[in-house]
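A structural walkthrough
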Amino acid sequence: MSDKFDVLNIIPKPKIVLPFWVNPLVLASGVILLIMTGLFVFYHFQALSWESKAKVEESNYLALATPENKAIEEKAGKISQQLEKFFQAFENHKFSYILFNFLKDNCHPNVSFSSLNFNSNSGKVSLAGQTNNYNSLGEQIAVLKSVKEISALEVSDIVLDKEGNVTFRLNFIVDPNFFKNQNQ
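Summary of the structure given here. (Residues numbered from 1 in each chain as written. Predicted model: local features only at pLDDT ≥ 70, side-chain atom pairs only at ≥ 80, totals over all residues. Heavy atoms only, no water.)

Looking at the pairing of strand β4 (residues 166-174)
This is how it is decided: Each residue gets one of three labels from its accessible area relative to the maximum for its type: buried under 20%, exposed over 50%, partly exposed in between, using a 1.4 Å probe on protein chains only. Only runs of H or I of at least four residues qualify as helices and only runs of E of at least two qualify as strands under DSSP, and these elements are numbered from the N terminus. Whether two strands pair depends on DSSP finding at least two bridges between them.
Side-chain alternation along β4 places V166, F168, L170, F172 and V174 on a buried face and T167, R169, N171 and I173 on a face that remains uncovered. In the sheet, strand β2 (residues 124-131) pairs with β4 via eight bridges, with the strands oriented antiparallel. Bridge pairing in β4 places G129 opposite F168. Judged from the seven bridges that link them, strand β3 (residues 150-160) and β4 form a sheet pairing that is antiparallel.

Structure (C-alpha cells):
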C-alpha cells in the first residue's frame, strides 16, 4: 500500500534548510553539557573524599577523648594559667636594680650609704650615708639637685661623729617613669 501513495506523491517537496546558527548552538550546548557532567562527577568524588577524611578525623578525635588525655589536657590548662600569671607578674615587674646603677653614677666618691629604703611604686628613696667632711656632703647634694629625675630632695640628721665623719639622711623622689624608660 505504501507503493500506491509513493506513486501518487509526484509533487516534489522542498528540502528543509536549517538556519546557520542552529549547528553551532547545538555543538555549544553539547560542549556545555559535557563540561557540566564532568564538573558534577569531579565534585561528587571530591565530596566523597572530604566525607571520608572527615570520618577519619572524627574517629581520631574520638580516640583522643580518653580519660588519660582529658587529665593531661586539664593539667596543661593549669600550667597554661600559671604561665599566664607568671607572664603578667613579670610584665608588671619594676626593675629596682636600676636604682643602684643610678646611685653609682650620681654618688660622690667620698660618700658611702649604709642603708636604703625604696618604694618602687611612688619612687620615694631614703638613704642613710656617711662622708669624711661637709664639703663632700655639699657636693653630693649639689649632684643630686642637678639630676632632673629627682624631686623633693631633703637632707636631715646631719651629725659630726667622734672620728670626724659626717653622717646624714637623704630623702628624695625619683620619677617612676625613669625606671620604665630604662627598661625599654
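Still more ground to cover, so stick around.
Considering the side chain of S126
Definition in use: Polar contact criterion, stated in full: a pair of N or O atoms within 3.5 Å, where within protein one must be able to donate a hydrogen and the other to accept it, and residues adjacent in sequence count only if both atoms are side-chain atoms. Residues count as neighbours in contact if any of their non-hydrogen atoms are within 4.5 Å of one another.
With respect to the element layout, S126 can be found in strand β2. Separated by 3.0 Å, the side chains of S126 and R169 make a polar contact. For S126, the residues in contact, after removing those within four places along its chain, are S115, L116, N117, R169, L170 and N171.

Description of the packing of aromatic side chains
In plain terms, the rule: Two rings from Phe, Tyr or Trp (for Trp, the six-membered ring) form a pair when their centres are within 6.5 Å of each other. A pair whose planes differ by under 30 degrees is stacked, one over 60 is edge-to-face, and the rest are tilted.
Per the counting criterion, the structure on display carries two aromatic pairs. Aromatic side chains F42 and Y43 sit 5.1 Å apart centroid to centroid with 70° between the ring planes, which places their arrangement in the edge-to-face category. For F42, a relative accessible area of 45% gives the class partly exposed. For the pair F113 and F168, a centre-to-centre distance of 6.3 Å together with 75° between the ring planes defines the contact as edge-to-face. With F113 in strand β1 (residues 112-119) and F168 in strand β4, this pair connects stretches of sequence that are 55 residues apart.

Some remarks on the pattern of salt bridges
Cut-off, in case you're wondering: The salt bridge definition used is simple: a Lys or Arg side-chain nitrogen within 4 Å of an Asp or Glu carboxyl oxygen.
Taken as a whole and assessed by the stated rule, the structure comprises two salt bridges. Put simply, E51 and K55 hold a salt bridge, and the shortest N to O gap is 3.9 Å. With E51 and K55 both in helix α2 (residues 22-64), this residue pair falls four residues apart, about one helical turn. On the basis of relative accessible area, E51 is assigned to the partly exposed category, the value being 45%. When the shortest N-O distance is used, the salt bridge between D157 and R169 registers 4.0 Å. Here R169 lies in strand β4 and D157 lies in strand β3, a separation of twelve residues in the sequence.

Section: unusual backbone geometry
A positive phi angle, near 55°, is found at A152, a position not held by glycine. Tracing the backbone shows A152 in strand β3. Although it is not a glycine, D157 adopts a positive phi angle of roughly 55°. For D157, a relative accessible area of 53% corresponds to the exposed category.

Details of helix α5 (residues 134-146)
Residue pairs three or four apart in sequence face the same way in an α-helix, which turns once every 3.6 residues. Our working definition: By definition here, a helix of n residues has an expected span of 1.5 Å times n minus one. Here, the arc refers to the directions that run from the helix axis to the C-beta atoms.
Helix length check: α5, at 13 residues, gives a terminal C-alpha distance of 18 Å against a target of 18 Å (1.5 Å per residue), a fit within 8%. For α5, the complete set of buried residues consists of S136, L137, Q140, I141 and L144. Summarising the axial view, the buried residues of α5 lie within an arc of 140°, below the 170-degree limit, and thus occupy one face. Across from the buried face of α5, at angles greater than 90 degrees, the exposed residues are N135, K145 and S146. Residue N133 occupies the N-cap position of α5, its side-chain oxygen lying 3.2 Å from the main-chain nitrogen of N135.

A short note on the environment of N132
As for its position among the elements, N132 is in the loop between β2 and α5. Under the relative-accessibility criterion, N132 is labelled partly exposed at 37%. Between the C-alpha atom of N132 and that of S112, which follows or precedes it by 20 residues, the distance is 9.5 Å. In contact with N132, not counting residues within four places along its chain, are N110, G164 and N165.

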